[in-house]
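A closer look at the structure
Here's the letter readout for the chains.
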Amino acid sequence: MEIFKGLLAERPVMAATAYELLAFGLFAAVTLGSSLGVVLVREVWHAVLLLGVALLSVAVHFVMLQAEFLAAMQVLVYVGGVLILISFAVMLVSRGGAPAEALASPSLKLGSHLVRGLGAVALFGVLALAVLRSAFAAPAGFPADASITASIGYALFNLAGGGVPSEGFLAAFEIIDVVLVAALVAAVMLARREVGGSVRGGLRPDGGSATSGPDPSADLDGRDDQ
Amino acid sequence: MIPTSYYVLLATAVFCIGVFGVLTRRNALMFLVSVELMLNGANINLVAFSQLHGNLTGQTFGLFTLALAAAEVAVGLGIIMVLARNFEDVDVTEAVTMRW
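Residues numbered from 1 in each chain as written. Chains lettered and ligands numbered in written order. Predicted model: local features only at pLDDT ≥ 70, side-chain atom pairs only at ≥ 80, totals over all residues.

The next subject is the overall build of chain B. Helix and strand counts for chain B stand at three helices and zero strands. Counting only residues that meet the buried cut, chain B has 64% of its 100 residues in that class. Intrachain contacts of chain B at a sequence separation of at least 6 include 49% that bridge at least 24 residues. (Helix = DSSP H or I, 4+ residues; strand = E, 2+ residues; numbered from the N terminus. Buried ≥ 20, exposed ≤ 12 C-beta atoms within 10 Å, placed from the backbone. Contact = placed C-beta atoms within 7 Å.)

To continue, consider the overall build of chain A. Looking only at helices and strands, one finds eight helices and zero strands in chain A. For chain A, the α and β elements follow one another from N to C terminus as α-α-α-α-α-α-α-α. Expressed as a percentage of contacts within chain A between residues at least 6 apart in sequence, the contacts between residues at least 24 apart total 47%.

Glancing now at the interface of chain A and chain B. In this assembly, 86 residues from chain A lie in contact with 70 residues from chain B. For the side of chain A that touches chain B, the element with the most residues is helix α4 (residues 68-93) of chain A, which contributes 13 residues. Looking at the side of chain A that touches chain B, its residues break down into 65 nonpolar, 14 polar and seven charged. (Nonpolar A, V, L, I, M, F, W, Y, C, P; charged D, E, K, R; others polar.)

Taking 1.5 Å per residue as the helical rise, helix α3 (residues 44-64) of chain A with its 21 residues ought to reach 30 Å, and the 30 Å between its terminal C-alpha atoms agrees with that figure. For α3 of chain A, the full list of buried residues reads V44, A47, V48, L50, L51, A54, L55, S57, V58, A59, H61 and F62 of chain A. Close packing links the buried residues of α3 of chain A with α2 (18-40) and α4 of chain A together with α2 (28-53) of chain B. Phi turns positive one or two residues past the end of α3 of chain A, at Q66 of chain A, with a value near 65°. (Expected span 1.5 Å × (residues − 1).)

Now for the confidence of the model for chain A. Predicted coordinates in areas of low pLDDT are best not read in detail. All names here are of chain A. When pLDDT is averaged along chain A, the result is 78, and 72% of the positions lie at 70 or above. Across chain A, the element-wise mean pLDDT spans from 47 in helix α1 (residues 2-10) up to 94 in α3. Between residues 1-13, whose pLDDT stays under 50, and residues either more than four places distant or in other chains, the model counts two contacts. Across residues 208-226, where pLDDT falls below 50, the model places 36 contacts with residues more than four positions away in sequence or in other chains. (pLDDT = per-residue confidence, 0-100.)

On to the packing of α4 of chain A against α2 of chain B. Following both chains from N to C, one finds α4 of chain A and α2 of chain B inclined at 170°, their axes separated by 11 Å at the closest point. Considering the angle they form, α4 of chain A stands roughly antiparallel to α2 of chain B. Facing L70, V82, I86, A89, V90 and V93 of chain A of α4 of chain A, the residues of α2 of chain B in contact are L29, L32, V33, E36 and V47 of chain B. (Axes fitted to C-alpha atoms, helices over the stretch in contact; angles between N-to-C directions. Parallel < 35°, antiparallel > 145°, perpendicular 65-115°, else oblique.)

A word on the nonpolar core. With 69 residues, the main nonpolar core has I86 of chain A together with L29, V33 and I80 of chain B as its most contacted residues. Every element with two or more residues in this core is listed here: α2, α3, α4 and α8 (170-191) of chain A together with α1 (4-24), α2 and α3 (57-87) of chain B. When residues of this core are assigned to their parent elements, the largest contribution, 13 residues, is made by α2 of chain B. When near neighbours in sequence (up to four residues on either side) are disregarded, L29 of chain B contacts V44, I86, A89, V90 and V93 of chain A together with I80 and V90 of chain B. In terms of nonpolar packing, the next biggest core, distinct from the first, is built from seven residues, F142, I148, I152 and A155 of chain A among them. (Core = buried A, V, L, I, M, F, W, Y, C linked by C-beta atoms within 7 Å.)

To continue, consider α8 of chain A. Taking 1.5 Å of rise per residue, 22 residues should cover 32 Å, and α8 of chain A covers 32 Å from first to last C-alpha, within 8% of that figure. Counted residue by residue, α8 of chain A has two buried out of 22 residues, so it is predominantly exposed.

Here the focus is unusual backbone geometry. All names here are of chain A. The backbone phi angle of Q66 is positive, close to 65°, even though this residue is not glycine. According to the C-beta neighbour criterion, Q66 is buried, with 21 such atoms within 10 Å. The phi dihedral of N158 falls on the positive side, at around 60°, and the residue is not glycine. On the secondary structure map, N158 appears in the loop between α7 (148-156) and α8.

With that settled, the discussion passes to the environment of V8 of chain B. One can find V8 of chain B in helix α1. What makes V8 of chain B buried here is the crowd of 23 C-beta atoms within 10 Å. Those residues in contact with V8 of chain B that lie beyond four places of it in its chain are V131 of chain A together with N45 and A48 of chain B.

Here it is in structure tokens:
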């Protein structure tokens, strides 16, 4: 009993337990595996679904890093908003009907086009070397009795309060709502169809003279995405 | 607690997978998805360093990253819709009419 009491008391400053490392390793494997799947899978729709897995596992990492509010926002904003938006786009863009065999299974697309990705692998090598050669202190963590969500709320409005130190973010908070409005208005403007049923065609090779709306028989998916 | 360097390594890997996707794919939607991966890698770093220093600045900034990612996706999808209408394709190597 004495041993357990000691363990519980020491928990905030203790080094990682085996269970923590096990959970981290499992979810890191999920994150890395689904992220690799996102960029390697042939079918875009499968890539989007794998992105959902990756985003959810990142939310798990946030919970393990004592960022519960950010984890909830990750699920709400990313999985509930961004992923749905991207799924809409996939369905709107690939109207032509994908080839049946491409939808059968999420096959990996390995081939010579991956050579260009060597730059990314080299970047990872350099960054990983830099990380492994630098010494980080043990994580300080947050006090067990502090309410992290409340402290984030205070920090967003430059208010004193909460138990955890942070900078004030009132200016950034005000700026980002202008950014959000501008982005959403711009997105509506871009995706909107003109009154006469024509679409914006200024970028067409023919100067946009034949802009009578997309041809329903246009085979958007006839070409593979690679 | 898990050492911060593990999380930084994980974030580096997720970011570089996103860079890999941008470099190797040609579908504009895959670009958008890869950029989401990169933003998530950056967010893991912000939250991990927030815990390392016991300071909430990183977590609060991560919230702003989330909001910016949502805005970026909205604009990116508008651009992709225009691309699909104008070129009947979302292949980024097809849209070359503004090249001189």
